[in-house]
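Secondary and tertiary structure notes
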Amino acid sequence: MSQNRPRKLLSVGVLLAMLALLVAGCVQPVPVAPAAAPSAGSANQSGAASSAAPGEIVNGGTWTEASGSDASNFNPILYDDSVSSIVVGYLYPGLIAVDPKTGEYSPDFGAMAESWTTSEDGLTWTFKLRDGVTWSDGEPVDSADFKYTYDAVNAPNVESPRTYVWEGIESIEAPDPLTVVVKFKQVKCDALGDVGLGWLPSHLYAADFSDVMTGPEIEAPRVSAGPFLFQSWTRDDNFIVTRNENYWEGAPHMDGSIVRVVPDAGARLAQLQSGEIDYLEVQPNQIASAEQDPDLARFQYYDDGYNYIGLNLADPANPIDGRDADGNLVPQPPHPILGDVRVRQAIAHAINYQSIIDNILLGQGYPMAANVLPTIEWAINKDIQPYAYDLEQAKALLEEAGWTDSNGDGIREKDGKEMKLGLLTNAGNTTREDIGVYVQDQLKQVGINVDFQSIDFGTLLGQMDAQTYDMYILGWTNIGSDPNDEVFWSSQFDVVGSGFNNTSYQNAKLEDLLKQGYSVPGCKPEDRAPIYKEIQQIIHDDVPYIFLNGRVSNAFYNNDWGNVDPQTWSFKWNMHQWYQKSLQP
Amino acid sequence: MWRYIIRRLLQAIPILLGISILSFILVSMAPGDPVSLRTAGDRNITPEAKAILRRQLGLDQSQPVQYLRWFAGITLRPGDAVAEFSSDKVRCTYLPTVSYTVCDTGGGVLRGDLGTSIDTKQPVWERLTERMWATLELGLISLILSLLIGVPLGVLSAVYRGSLFDNLVRVFAVLFRSVPIYWMGLLLLLVFAVWLQWLPVGGRQTVSLTGESDLGDRIRHLILPVAVLSFGPIAFFSRIMRTETLEVIHTDYVRTARAKGLSGTQVWFVHALRNSLIPLMTVLGPALVGVLGGAVVTETIFAWPGMGRLTINAVFQQDYPLVLGSGMFFAVLTIVGYLLSDIFYALVDPRVRLE
């Protein structure tokens with residue numbers, strides 16, 4: 001697989017907390033704070049008076065958060081869940097960081113690279129590192145740590161979920177302690193994220209990588225080069241970090257931070273309201289309650305995720321891979337109903353997206369026309385409009401496709417076969433369950449009989465992987481700041497039992513465009529934009545997904561903290577500067 | 001009695017074996033698999049990598065072979081796979097006659113090894129012992145509290161039959177028996193932790209950077225979950241005690257005791273109580289199991305780091321070894337609960353002899 005972008009997770013929304021772990025490995029390998037999303041002008045902050053502190057700031061206070069599930073481990077190349085990434089982000093520096101405002105890769109915001117240059121062919125990147133940064137035990141943080149980390153990912157005795165970073169990288173060299181040279185195999189515009197892994201402190205590990213999987217650092221890291229030091233981890237209960245007095249950007253004002261494991265969403269809100277925790281991303285139905293609390297500030301932003309209905313374009317009775325062993329396209333036997341693009345367009349017209357946003361998402365969403373989020377401003381095709389809610393148009397398209405209600409029972413038929421489709425989602429996610437019921441009702445109005453079921457997440461994944469479903473409702477999140485999403489649409493990823501193109505979507509022209517999109521020499525947005533705009537038009541017309549809505553997230557936090565400056569790509573990017581107002585004279 | 005206890009314990013072995021097979025069948029019938037769950041949303045995972053992960057976990061094998069591995073620590077692989085699966089811990093031998101490779105993993109339940117958690121890579125036994133004390137603390141305190149409150153309530157209810165007190169107790173008993181634990185938990189949380197802020201919202205103790213927590217703090221954290229967990233059993237015990245006491249007070253020996261001129265308190269609490277306790281003993285074992293079952297929900301609401309949450313997590317994560325391990329834990333606890341019930345029964349009722 002040649003996908004080389006920050007990873008993405010299947011959103012599990014308001015599923016029980018433990019399901020958060022399922023979406024393992026989906027956080028961008030970027031130090032300090034998991035990625036949020038670019039604001040696209042929608043970010044909005046209320047209730048926070050985060051001005052600079054007057055005079056000398058009094059240190060102290062503990063920032064407490066709650067997480068639905070526990071961490072897995074604290075090794076930057078082994079962890080595979082978003083909860084672990086909190087600690088990993090606090091301790092391990094990365095070569096590059098994400099600009100909290102724009103989502104672009106940057107040498108600031110805690111990155112180890114001070115600057116970088118690119119060779120003319122765009123393949124060799126030379127990074128100049130910061131001088132004088134040390135681990136908390138006094139050892140220097142240098143290029144050897146970077147090289148060791150990447151060699152460890154590739155080592156046969158290390159089972160890292162990050163081996164994909166090497167797919168686009170030809171070689172990594174460390175000619176001197178403050179220089180890193182990365183050579184890429186080909187120009188791939190979204191590959192820079194692959195050099196963003198957190199660094200292992202190489203001086204604490206064996207040269208042959210034999211203790212990377214087993215050493216004490218996995219569960220109790222001894223050193224840090226970030227704002228905090230690891231203190232303790234009580235499994236399924238909490239983990240604690242304390243101030244790193246020697247942090248190179250300046251020691252944090254707070255004494256430390258605690259993450260508590262609180263599985264129940266209602267209990268997490270209760271903890272926020274009782275002041276036991278300082279920060280929580282709340283669900284749409286919790287906003288009204290949280291808003292009434294005068295001690296809380298709200299940060300609302302465009303999430304970099306969306307909800308969609310995946311449509312199976314191929315025959316679920318006979319799933320086959322999209323390519324053969326030689327890489328040639330294998331034509332897919334079409335789905336008896338959804339194989340016809342007019343039917344898919346009819347479904348797209350039959351759903352009232354604004355109604356879903358207003359009534360089910362309680363306003364926390366926006367309609368989408370195609371696969372690129374408005375947060376990636378340079379790439380979005382503003383000329384395409386979301387499918388209009390138009391039942392007459394939907395009916396006309398179905399008639400045109402040959403589906404008519406010949407027996408008058410309200411359900412259409414064709415060649416004696418009833419128009420009946422299955423629709424699945426994961427049980428426990430009330431938002432998706434509500435959407436499912438709504439869609440079922442809407443499609444019935446145009447004569448499609450939908451059998452909607454919410455089933456166990458594992459079962460759903462099994463059916464998606466096996467490509468034996470008709471339709472499913474799910475969401476993507478942490479899409480990232482690059483528009484390349486080849487894995488969803490290319491037949492290369494249409495693999496039965498695995499692979500993300502489980503809709504068996506196949507369009508040779510689109511596949512070419514997807515490749516062109518990320519291999520534009522120079523990778524300039526203005527050069528890439530026309531390609532992505534065309535891609536969006538094709539996906540909009542072909543309807544492999546019904547795009548339900550882009551997501552808006554809401555974080556509430558204790559307004560006793562000063563200097564908090566949440567940005568859509570990172571809430572905690574300047575955490576070392578935060579201070580507790582009530583402690584100040 | 002000792003012979004009885006030993007015999008019951010020996011009888012428990014086939015029961016546990018049966019439970020383990022049944023749990024294994026149930027777990028392996030669950031759709032999906034742990035590898036798919038863990039790689040969901042990982043755009044970079046290849047089908048080959050998934051296959052390797054499945055092979056490492058032994059998920060590519062038939063269910064009986066997987067059970068054999070879990071139970072006896074023996075794995076079977078078709079063909080010569082000695083090189084692939086041998087390691088410091090695993091000894092493999094190739095049997096050319098049947099062209100199968102047999103590996104001894106050195107583990108297996110038979111050797112006291114419950115396996116390794118897929119999620120945390122820790123031994124299952126370690127995961128269980130980490131968590132069982134929290135659950136036992138919650139469960140036992142709730143059970144004792146329920147007895148201490150439920151039994152006197154039931155007796156007093158019988159003594160003052162038909163009074164306002166009796167009616168109130170009966171109404172509340174029905175109410176507490178019928179209200180779902182989940183709802184009750186969130187309600188108490190809202191009132192006492194969010195509105196009044198008298199009690200903490202969750203956890204087993206206050207978590208602070210210094211890590212200090214005194215007994216008072218621990219008790220404050222216990223109040224809400226114990227209360228939620230006790231409502232049901234209190235109602236249950238008071239109902240039983242009321243019925244039994246009413247039955248006992250019409251018996252001859254109680255009448256005799258009264259005729260002998262004993263005080264009301266003596267009659268009620270010395271003569272009547274002991275006899276009405278007998279049926280209570282028979283439900284004590286199941287009640288213990290019920291309380292621990294309730295802990296699954298209570299622990300989730302109150303972020304209590306116990307077995308209930310561990311099990312639920314394991315089920316959702318399809319962490320097979322952990323599901324089976326905690327299943328066995330609850331099975332053992334159930335067997336012990338029923339055994340204790342029988343023993344108490346014999347202690348309270350001198351007519352019963354455990355043979």
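Residues numbered from 1 in each chain as written. Chains lettered and ligands numbered in written order. Predicted model: local features only at pLDDT ≥ 70, side-chain atom pairs only at ≥ 80, totals over all residues.

Looking at the overall build of chain B
Counting its regular elements, chain B contains 13 helices and 3 strands. Since a compact globule built from 355 residues should have a radius of gyration of about 20 Å, the 26 Å found for chain B marks it as more spread out than a globular shape. Along the three orthogonal principal directions, the C-alpha set of chain B runs to about 85 × 55 × 35 Å. In chain B, buried positions account for 38% of the 355 residues. (Helix = DSSP H or I, 4+ residues; strand = E, 2+ residues; numbered from the N terminus. Rg over C-alpha atoms; globule rule 2.2 N^0.38 Å. Buried ≥ 20, exposed ≤ 12 C-beta atoms within 10 Å, placed from the backbone.)

Digging into the confidence of the model for chain A
All names here are of chain A. Overall, the predicted model of chain A reaches an average pLDDT of 87, with 91% of residues at or above 70. For chain A, per-element mean pLDDT is lowest for strand β1 (residues 9-11), which scores 35, and highest for helix α5 (residues 341-349), which scores 97. Across residues 1-43 the pLDDT falls below 50, and counting only partners more than four positions away or on other chains, this stretch makes 188 contacts in the model. When the criterion is pLDDT under 50, residues 49-53 qualifies, and its contacts beyond four places in sequence or with other chains add up to 10 contacts. (pLDDT = per-residue confidence, 0-100. Contact = placed C-beta atoms within 7 Å.)

Some words on the sheet that holds strand β2 (residues 91-95) of chain B
The pairing of strands in a sheet comes from backbone hydrogen bonds and takes either a parallel or an antiparallel form. Residue and element names in this part refer to chain B. Within the open sheet, the 3 strands sit side by side as β1-β3-β2. Their pairing is antiparallel. Unpaired on one side and paired on the other, β1 (74-78) and β2 mark the two borders of the sheet. Neighbour-to-neighbour, the strand axes of this sheet turn through a mean angle of 20°, independent of strand direction. For β2 and strand β3 (residues 100-104), the ladder comprises 5 bridges, and the chain directions are antiparallel. Bridged to T93 within β3 is V102. (Pairing = 2+ DSSP bridges. Axes fitted to C-alpha atoms, helices over the stretch in contact; angles between N-to-C directions.)

Overview of the nonpolar core
All names here are of chain A. Counting 163 residues, the largest nonpolar core has I309, Y472 and I546 as its most contacted members. For I546, the contacting residues outside a window of four places in its chain are Y308, I309, L311, I347, A348 and I351. A97, F127, L129 and V212 belong to the second-largest nonpolar core, a separate cluster that totals 57 residues. (Core = buried A, V, L, I, M, F, W, Y, C linked by C-beta atoms within 7 Å.)

Structural notes on the environment of A:Y164
Residues and elements named next belong to chain A. Along the chain, the position of Y164 falls in the loop between α2 (143-154) and β8 (169-176). You can call Y164 buried: it has 23 C-beta atoms within 10 Å. Residues Y164 and V153 lie 11 residues apart in sequence; the distance between their C-alpha atoms is 9.1 Å.

A closer look at the packing of helix α6 (residues 124-159) of chain B against helix α11 (residues 264-301) of chain B
Residue and element names in this part refer to chain B. Close contact between α6 and α11 brings their axes to 10 Å; oriented N to C, the two are set at 145°. Like other packed secondary-structure pairs, α6 and α11 cross with a definite hand, here right-handed. Where α6 approaches α11, its residues T135, L138, G139, S142, L143, V155 and V159 are matched on the opposing element by W268, L273, A287, L288, V291, L292 and A295. (Left-handed = near helix turned anticlockwise from the far one by under 90°.)

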